[in-house]
Amino acid sequence: MLSYPIHIGADGREKLGEFLRNSDYSQILVLADENTYELCYPKLRDYLPVHEAIHIPAGEKFKTLETCVGVWSKMTQMAMDRKAIMVNLGGGVIGDMGGMIASLYKRGIDFVQVPTTLLSQVDASVGSKLGVDFMQFKNHIGLFNDPQGVYIWPGFLNTLSDRELASGFAEVIKHHLIADQAGWEELKHIRDLRKLDYTQIIEHSIAIKQRIVEEDPFEKGARKSLNFGHTIGHAIESMRLETEAPLLHGEAISIGMICEAFLSREAGLIDTKALVSIIELISNHYPSTNFSAAEFDDIIARALNDKKNEGKKIMCTFIDGIGQFKINQEISDGDIEESLEFYNDMAKGY
C-alpha cells in the first residue's frame, strides 16, 4: 500500500484544509507558478489555514536547479524550520520540483501535492518521483520521496486551455495501452475532451498507476511500464524545448507512443491493425509535426543519455498487445531513426 492518502473529488480542497488544520506544522508555504497563482490559488486559499504563498515562472524551461535555489533562498529568508510544510499547487513541473525542494530543504520538510492539470492529476502527482531537468535532460537530477498526501479537485481542470487538457490526456492513453484493453475500445470513440467525466477518468488512471507503483516503488521492474512512449518522447520534448516550437509533455509523449508502438510492431508484439488504431486515436487529439535529419541526430543523442538506460544500452518499454507491456527492450540508434521516419511519413497522411 502507498504510505500516503490520495483524495479525489469535489471535496478535495476541504480535505486538504482539514488535514492542515489538524496538523501542528509551524508554517505552511504554498508554492505555485505564475499561472496557477493567478488561476488556481484564488480557488484554494480560503480553504487553507494561515499560510504564505510564493510563485515562480511557469514552464518546463524553469524546472532547474537555479529555480530551486531561488525558492530555497525565499524559504530561508522566511525562516522556515523543519516543522514547516510545502503545498505544491500546480502541474507536473511544480509537483516534481516542489517535492524536490521540500525534500532537500534542511534535509527534508513535509509536502503535499495539489495537482491542477490533467497530466498531474492522472499521473505525475502519484508515485513519489521528484526532480528537475539538467543540461537539457528531463528529470536528470532527483529522488524518490513520499508526500503526506495528494489532494485532487477536478474543478481545477476548468482553468486549462484545450491544448493543456489534451496534453494530460496522453497519459490517460498510455495507461490504457499498458493496462486496460477493454477501456481502450471505449477510449477510441472519444472526440470532445471537454465532455468527459474527469473524476472517473482520474480514478481509473490513478488506480492503474497505484497498483503498479505499489508492486514496484523504485522502478526495478513493472513500474518501467509507465515509461511507454517516454524514451523517445522525452528526447523529443527536451530537444524541442530549445526551439521556437516547443511541445508540451503530452504532445511529445504522444509522438513517442507512436514511435514505440511502431517498434513494438516491428518486434512482432502487436499487429498493424493495433498500430493503426493507436495512430488514429492520437491523430484525433494532437497535431502532427515533422522532424528534420538534424533533429533526428539530436533526439538520438538525448535518448543515449536517458536516465532509464543501462550502461550504453537505450532501454525502452514496448506494448505486448493492447493492454499489456514488455519492459527492458533494447533499441538502437537505427531503431529510433526508423521510427521517426515512420512518424514523418505517417504524419503526412493525417
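The preceding data block contains the structure.
For clarity, every value in this text was computed on a predicted model and none was experimentally measured.

1. A short note on the side chain of Lys174
Move 1: Within the fold, Lys174 resides in helix 7 (residues 162–179).
Move 2: Discounting chain neighbours no more than four positions away, the residues touching Lys174 are Asp123, Leu226, Phe228, His230 and Met257.

2. So, helix 12 (residues 272–285)
Move 1: Helix length check: helix 12 (14 residues) gives 21 Å between terminal C-alpha atoms against 20 Å at 1.5 Å per residue, within 8%.
Move 2: Along helix 12, the positions that sit buried rather than exposed are Ala274, Leu275, Ser277, Ile278, Ile279, Leu281, Ile282 and His285.
Move 3: In this structure, the buried side of helix 12 is in contact with helix 7, helix 8 (181–187), helix 11 (249–266), strand 9 (314–319) and helix 14 (333–347).

3. Some words on a negative patch on the surface
Move 1: Together, Asp297, Asp333, Glu337, Glu338 and Glu341 give the surface a local cluster of negative charge.
Move 2: Tallying contributions element by element places helix 14 first for the negative patch, with four residues.
Move 3: Mapped onto the elements, Asp297 comes out in helix 13 (residues 293–303).
Move 4: Overall, Asp297 belongs to the exposed group, its relative accessible area being 54%.

4. Side note on the packing of helix 11 against helix 12
Move 1: The interhelical angle for the contact between helix 11 and helix 12, taken along N-to-C directions, is 175°, at an axis separation of 10 Å. By the angle between their axes, helix 11 is roughly antiparallel relative to helix 12. Facing helix 11, whose interface residues are Ser254, Met257, Ile258, Ala261, Phe262 and Arg265, helix 12 presents Thr272, Leu275, Ile278, Ile279 and Ile282.
Move 2: Considered class by class, the residues forming the contact of helix 11 with helix 12 number eight nonpolar, two polar and one charged.

Cut-offs used in this document
- Residues numbered from 1 in each chain as written.
- Predicted model: local features only at pLDDT ≥ 70, side-chain atom pairs only at ≥ 80, totals over all residues.
- Heavy atoms only, no water.
- Helix = DSSP H or I, 4+ residues; strand = E, 2+ residues; numbered from the N terminus.
- Contact = heavy atoms within 4.5 Å.
- Expected span 1.5 Å × (residues − 1).
- Buried < 20%, exposed > 50% of the residue type's maximum accessible area, 1.4 Å probe, protein only.
- Patch = residues over 30% accessible without salt bridge, like charges linked within 9 Å, V, L, I, M, F, W, Y side chains within 5 Å.
- Areas by Shrake-Rupley, 256 points an atom, 1.4 Å probe, with all protein chains shown as cover.
- Salt bridge = Lys/Arg side-chain N within 4 Å of Asp/Glu carboxyl O.
- Lys, Arg positive; Asp, Glu negative; His and termini not counted.
- Charge placed at Lys NZ, Arg CZ, Asp CG, Glu CD.
- Axes fitted to C-alpha atoms, helices over the stretch in contact; angles between N-to-C directions.
- Parallel < 35°, antiparallel > 145°, perpendicular 65-115°, else oblique.
- Nonpolar A, V, L, I, M, F, W, Y, C, P; charged D, E, K, R; others polar.

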